[in-house]
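Observations on chain architecture
So you can see what is in the structure, the chains are spelled out below.
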Amino acid sequence: MVDFTQQAFNGDSLSLEREVSVTSNNNRVILDSKELNASSGPFNLCCGEAYARFSELKRQKVHPAKMTKERDAVESCSADVDKGMQ
């Protein structure tokens, strides 16, 4: 398993060969700034790989239409973590 978070912190180029998994794509999390600040730790711990992959594609200036799976993975993971915190 590739640790995208560790690669990103080391400044390495991320390997984008691995597919992301999406579990609950239909749940969007909408948080105000206080909730987002309070949730940032759990989100980073649980969704770091999805965030790192999405950020790397943005850094590479990949067209947003080609990042649907990665965006869905970030939303899905964030929704799952939010449900778990409640």
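Residues numbered from 1 in each chain as written. Predicted model: local features only at pLDDT ≥ 70, side-chain atom pairs only at ≥ 80, totals over all residues. Heavy atoms only, no water.

1. Some words on the overall build of the chain
Rules: In this text, helices come from DSSP runs of H or I with a minimum length of four residues, and strands from runs of E with a minimum of two, each type numbered from the N-terminal end. Exposure categories follow from relative accessible area, calculated using a 1.4 Å probe and restricted to protein chains: below 20% of the type maximum is buried, above 50% is exposed, and the middle band is partly exposed. Contact between two residues is taken to exist if any of their heavy atoms lie within 4.5 Å; hydrogens are not considered. Accessible areas in this description were obtained via Shrake-Rupley with a 1.4 Å probe; residue shielding takes into account the shown protein chains only.
On a plain count of helices and strands, the chain comes out with three helices and zero strands. Its helices and strands taken in sequence order, the chain reads α-α-α from the N to the C terminus. Residues counted as buried form 30% of the 86 residues belonging to the chain. Residue pairs at least 24 apart in sequence account for 72% of intrachain contacts in the chain once pairs closer than 6 positions are excluded. Surface accessibility of the chain: about 5,900 Å² in total, with carbon and sulfur atoms responsible for 52%.

2. A look at the pattern of salt bridges
To keep it simple, the criterion reads: Salt bridges are counted wherever a side-chain nitrogen of Lys or Arg sits within 4 Å of a carboxyl oxygen of Asp or Glu.
Using the criterion set out here, one finds two salt bridges in the structure. Where Glu-70 meets Arg-53, a salt bridge forms, and the shortest distance between an N and an O atom there is 3.0 Å. Of the two residues, Glu-70 sits in helix α3 (residues 68-85) while Arg-53 sits in helix α2 (residues 33-59), which places them 17 residues apart along the sequence. As far as the burial class goes, Glu-70 and Arg-53 line up, both buried. Arg-59 is the salt-bridge partner of Glu-56, the closest N and O atoms lying 2.6 Å from each other. Here the residue Glu-56 and the residue Arg-59 both occupy positions in helix α2, the gap between them amounting to three residues, near one helical turn.

3. Quick word on the layout of surface pockets
To keep things clear, this is the line we draw: Method remark: on a 1 Å grid restricted to protein atoms, a set of points is classed as a cavity if a 1.4 Å probe fits but cannot get out and as a pocket if it is open with protein on both sides within 12 Å along at least five of seven lines; lining residues have an atom within 4 Å of a point. Grid points are joined across faces, edges and corners, and a volume is the space filled by probe spheres set on the points.
By volume, the second largest pocket is sized at about 190 Å³. Taken together, Arg-28, Val-29, Leu-31, Leu-36, Ser-40, Phe-43, Asn-44, Tyr-51, Val-74, Glu-75 and Ser-78 make up the full set of residues lining the second largest pocket. Among the secondary structure elements, those contributing two or more residues to the lining of the second largest pocket are α2 and α3. Element by element, the count of residues in the lining of the second largest pocket is highest for α2, at five residues.

4. What to know about the confidence of the model for the chain
Note the cut-off: Within a predicted model, pLDDT stands for the predictor's per-residue confidence, ranging from 0 to 100.
Model confidence for the chain is summarised by a mean pLDDT of 76, while 69% of its residues fall at 70 or above. Helix α1 (residues 4-10) is the least confidently modelled element of the chain, averaging 50 in pLDDT, while α2 averages 89, the highest of any element. Contacts for the low-pLDDT stretch residues 19-25, under 50 throughout, to residues beyond four places or in other chains number 19 contacts.

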